[in-house]
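Reading the structure
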Amino acid sequence: MTTSAISQNGFLRFIRRIPPVYFFLILVFVGGAILDVTFADGQMVTNPTILTNILVRSVALGIVAVGQTFVIIGASIDLSVALVVSVTAVMTSFIMQGDPAKVPLAIGVVLAIGVVTGMVNGFIITKLKVNAFIATLGTTLILRGILNASFANFKGSVPRSFEYFGYGKIGPVPVSILALLIVLLAGWFILARTKYGFQLYGTGGNVEVARLSGLRTDRVLIIAHIISSLTAVLTGLFLVSRLRAGAPWIGTDGVYDLESVATTVIGGTALAGGKGGVWGTIGGVLIFSVIDTLFNQMGVNPFMKNILRGVIVILAVASYTIRSRREAA
Amino acid sequence: MTTTTTTNSSQLASMFGAIWALIKKIPPIYPIFFAIFITVGILNPNYQTMNGIFVFLRRASPLAILAIGQMMVLASGGFDLSMGSMVTFVIVGSSMLLSNDPEKALPTIGIMMCVGVLVGLINGLTVSYFKIPSLIVTLGMLLLVKGVAMYWSGGAPKGYFTDNFRVFGRGNFENVPIFGKFPIALLIMLIIAVIAYFVFHKSNFGKQILAIGDNVRASQLSGVRVRLVRTLAFVISAFLAVIAGVLLGGYGGISTNVGDGLEFQAVSAAVIGGALLLGGKGSVPNVIFGAFTLEALFNLLNLLGLPKPYKDAVQGLIIIGAVAYAAFSTRKKR
């Protein structure tokens, strides 16, 4: 990408390859900065801590949105991510109980939960032929039932050493941002450089054609769902390391289901599947973080925040779908 | 079915064949409902009385109304996930508007109905003209409507519902011949069911909804005004959510979490009642019994002593099972 920027022609081509969401991001950031300087203390542009916080705020949503991008490219959807985040957060702190020796056990257990959830989702969708939305809604309800029946409040805690994931820094760079970057690069690599990536685009583009040309589409989709659940587990681990203990409402309060879908769509991944990528998605995530930070700067009422979030999700998605010729349902 | 001694065996066989054909036509939801309801009745003798059955029906009526609305949208190929928030909005908003004054009960309900129509219009127009899938639109609306309710009330609604507001949800007609007490909520549900039956099964509009759900492009080409019909389906759904909200508020009083998850219950009820997800199929009576079945099942879980959150888990299993069953049986037909 950097080599193409050398010549004038190559530079234009590079610009054109940037997902349009980044121009929106610049627009939102400049608009937000102007609002912040005019109506609040203007720290959004002057205070580096707040600038870094925009990125840290992006970590939780960003990681899970990468997984969501995978399933949406496969023309599926995963609404169970919010509950997987909650289950991970609760189970992690419940198993660890502040004991550093139990960290590997806890991580192993939640990763296993993630793999199983993803496999169950993928299996219900591909083998039982249940609509992806309903299937993952169903697993959401099942997870929620079990979780709420077992835990009512913050349970256990994570040891100090585990908080490194949420608060640690390598030099000036927070560990969490590095983690997001690694997930992003891994996501990009799988989608753009591996055989599996091409299979996923093929399956999402037209499942019948992909199947007839010899792809094992069921397996491709099941793997996409496992990836999605695993990213939700990572988000859960990050959140519990920041909050120091897990509660059952962490995932649902963060609206990770709706927001991960919305940021993916804003980033240019079509809900119909077959196209898109993680770089667009992270642009959408950054937009949400900038807006969130702006709300905090301006001291917006928390209930009002939810109202505005609803409006922004709808408008942002509309700016992409309005040009499509197909009737939505 | 008169029994004659001269019936020969082949006639008998054909008669049984005809009866069997009739039995096979009965949707599975009815035997399932009666099996669950009779189990509940055996475990809890309260349900063996006329009074107990009416108490059950009164409690199930709001869900049945929600399920009818949800089915209209499902049949057209969409989802309405803003229903539960709408119920919360009606309950919280009514408590703000009423301010404990009985005079304001009817105007309050009127205003809420207008809000319902407005929300339905926004849902439908956004889906139709911005071409956003309804699941995203109505999930966004879920956040928005609940946010407005909480913002308006500051998170904690004050006051109480006046008796003339609550009567719709918990009142009874006394001394009705044969029945004794007859719940007002049940009557409202039945009136809605009859209207919905004619709208959905007997009118052009109903056929157009099904046509859109079955194949948008084909119905468009044959002259169905897709956007209008689809928008109306969302308006009906939101309007019925308002009515269900008034009934639930009357039944349970003021609370900010009555509506939580109701949209999923409505989808579940509609799905077990045989409304095909992603459109093209639906039946008003079946969906009502879908709602009754769900309510009876919740009662059963309660009687078995399972903790409340398991309601969610069971519901999740039911939705997946019902949709998988529908997918399986339609594949078999092909």
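Residues numbered from 1 in each chain as written. Chains lettered and ligands numbered in written order. Predicted model: local features only at pLDDT ≥ 70, side-chain atom pairs only at ≥ 80, totals over all residues.

1. Thoughts on the overall build of chain A
Each helix and strand in chain A was counted, giving 16 helices and 2 strands. Relative to the 2.2 N^0.38 estimate, which gives 20 Å for 329 residues, the radius of gyration of chain A is 20 Å and therefore close to what a compact globule would have. Each principal axis of the C-alpha distribution contributes one length, and for chain A these read about 55 × 55 × 40 Å. When burial is assessed residue by residue, chain A has 50% of its 329 residues classed as buried. Pairs at least 24 residues apart make up 78% of the contacts formed inside chain A by residues separated by at least 6 positions. (Helix = DSSP H or I, 4+ residues; strand = E, 2+ residues; numbered from the N terminus. Rg over C-alpha atoms; globule rule 2.2 N^0.38 Å. Buried ≥ 20, exposed ≤ 12 C-beta atoms within 10 Å, placed from the backbone. Contact = placed C-beta atoms within 7 Å.)

2. Some points on the overall build of chain B
Each helix and strand in chain B was counted, giving 14 helices and 2 strands. The C-alpha atoms of chain B give 21 Å as radius of gyration, which agrees with the globular expectation for 334 residues (20 Å, within 12%). C-alpha extents for chain B along the principal axes are approximately 75 × 55 × 35 Å. By residue count, 50% of the 334 residues in chain B fall in the buried class.

3. Structural notes on helix H14 (residues 256–266) of chain A
Residue and element names in this part refer to chain A. Buried residues dominate H14, accounting for 11 of its 11 residues. Regarding H14, the residues found buried are Tyr 256, Asp 257, Leu 258, Glu 259, Ser 260, Val 261, Ala 262, Thr 263, Thr 264, Val 265 and Ile 266. A positive phi of about 100 degrees marks Gly 268, the residue just after H14.

4. Let's talk about the interface of chain A and chain B
Contact residues are listed per partner, giving 43 residues for chain A and 42 residues for chain B. Contributions of two or more residues to the side of chain A that touches chain B are made by helix H7 (132–150), H14 and helix H16 (302–321) of chain A. At 14 residues, the largest contribution of residues to the side of chain A that touches chain B is made by H7 of chain A. Along the lines of polarity and charge, the residues of the side of chain A that touches chain B split into 27 nonpolar, 11 polar and 5 charged. (Nonpolar A, V, L, I, M, F, W, Y, C, P; charged D, E, K, R; others polar.)

5. Details of the nonpolar core
Of all hydrophobic cores here, the largest spans 195 residues; its most connected members are Ala 67 and Ile 68 of chain B. The contact partners of Ile 68 of chain B, leaving out residues within four places of it in the chain, are Ile 192, Ala 193, Ala 196, Leu 240, Val 284, Val 287 and Ile 288 of chain B. (Core = buried A, V, L, I, M, F, W, Y, C linked by C-beta atoms within 7 Å.)

6. Let's talk about the pairing of strand E1 (residues 172–176) of chain B
Residue and element names in this part refer to chain B. Pairing of E1 with strand E2 (residues 180–183) involves 3 bridges; the strand directions are antiparallel. Bridge assignment links Asn 172 to a residue of E2, and that residue is Pro 183. A loop of 3 residues connects E1 with E2, the two strands running antiparallel in sequence, and Ile 178 in this loop sits at a positive phi of about 70 degrees. (Pairing = 2+ DSSP bridges.)

7. Looking at the environment of Leu 118 of chain B
Along the chain, the position of Leu 118 of chain B falls in helix H5 (residues 105–129). Overall, Leu 118 of chain B belongs to the exposed group, with 12 C-beta atoms counted inside 10 Å.

8. Some remarks on the packing of helix H6 (residues 103–126) of chain A against helix H12 (residues 217–243) of chain A
All names here are of chain A. For the pair H6 and H12, the least separation of the axes is 7 Å and the interaxial angle reads 145 degrees. Where H6 crosses over H12, the handedness of that crossing is right-handed. Per-class residue counts for the contact of H6 with H12 are 14 nonpolar, 10 polar and 1 charged. (Axes fitted to C-alpha atoms, helices over the stretch in contact; angles between N-to-C directions. Left-handed = near helix turned anticlockwise from the far one by under 90°.)

9. As for the confidence of the model for chain A
Of all residues in chain A, 96% attain a pLDDT of 70 or more, and the chain-wide mean is 88. H6 of chain A holds the highest mean pLDDT among the elements of chain A, 96, whereas helix H1 (residues 8–17) of chain A holds the lowest, 77. (pLDDT = per-residue confidence, 0-100.)

10. Side note on the packing of helix H4 (residues 48–73) of chain A against helix H9 (residues 175–193) of chain A
Residue and element names in this part refer to chain A. In the contact formed by H4 and H9, the axes pass within 9 Å of each other and the chain directions differ by 20 degrees. Classed by the angle they form, the pair H4 and H9 counts as roughly parallel. At the point where H4 passes H9, the crossing takes the left-handed sense. Touching Leu 55, Val 56, Ser 58, Val 59, Gly 62, Ile 63, Val 66 and Thr 69 of H4 are Ser 176, Ile 177, Ala 179, Leu 180, Val 183, Leu 184 and Gly 187, all from H9. Of the residues assigned to the contact of H4 with H9, the class counts are 10 nonpolar, 5 polar and no charged. (Parallel < 35°, antiparallel > 145°, perpendicular 65-115°, else oblique.)

11. Notes on the environment of Ile 178 of chain B
Residue position: Ile 178 of chain B is located in the loop between E1 and E2. Sequence spacing of Ile 178 of chain B and Met 50 of chain B is 128 residues, and the spatial spacing of their C-alpha atoms is 9.8 Å.

12. So, the confidence of the model for chain B
A residue-level look at chain B finds 96% of positions with pLDDT of 70 or above and a mean pLDDT of 88. Complex prediction metrics read pTM 0.87 and ipTM 0.82.

13. Thoughts on the environment of Asn 121 of chain A
Residues and elements named next belong to chain A. Along the chain, Asn 121 falls in helix H6. Considered as a pair, Asn 121 and Val 300 are 179 residues apart in the sequence and their alpha carbons are 37 Å apart. Here Asn 121 is in contact with Asp 78, Ser 80, Ala 135, Thr 136, Thr 139 and His 225, once residues within four sequence places are set aside.

14. A word on unusual backbone geometry
Residues and elements named next belong to chain A. Not every positive phi belongs to a glycine, and Gln 97 is a case in point at roughly 45 degrees. When you line up the elements, Gln 97 lands in the loop between helix H5 (81–96) and H6. Overall, Gln 97 belongs to the partly exposed group, with 13 C-beta atoms counted inside 10 Å. Its identity is not glycine, yet Arg 244 carries a phi of approximately 75 degrees, on the positive side. Relative to the helices and strands, Arg 244 resides in the loop between H12 and helix H13 (250–253). Assessed through the 18 C-beta atoms surrounding it within 10 Å, Arg 244 is described here as partly exposed.

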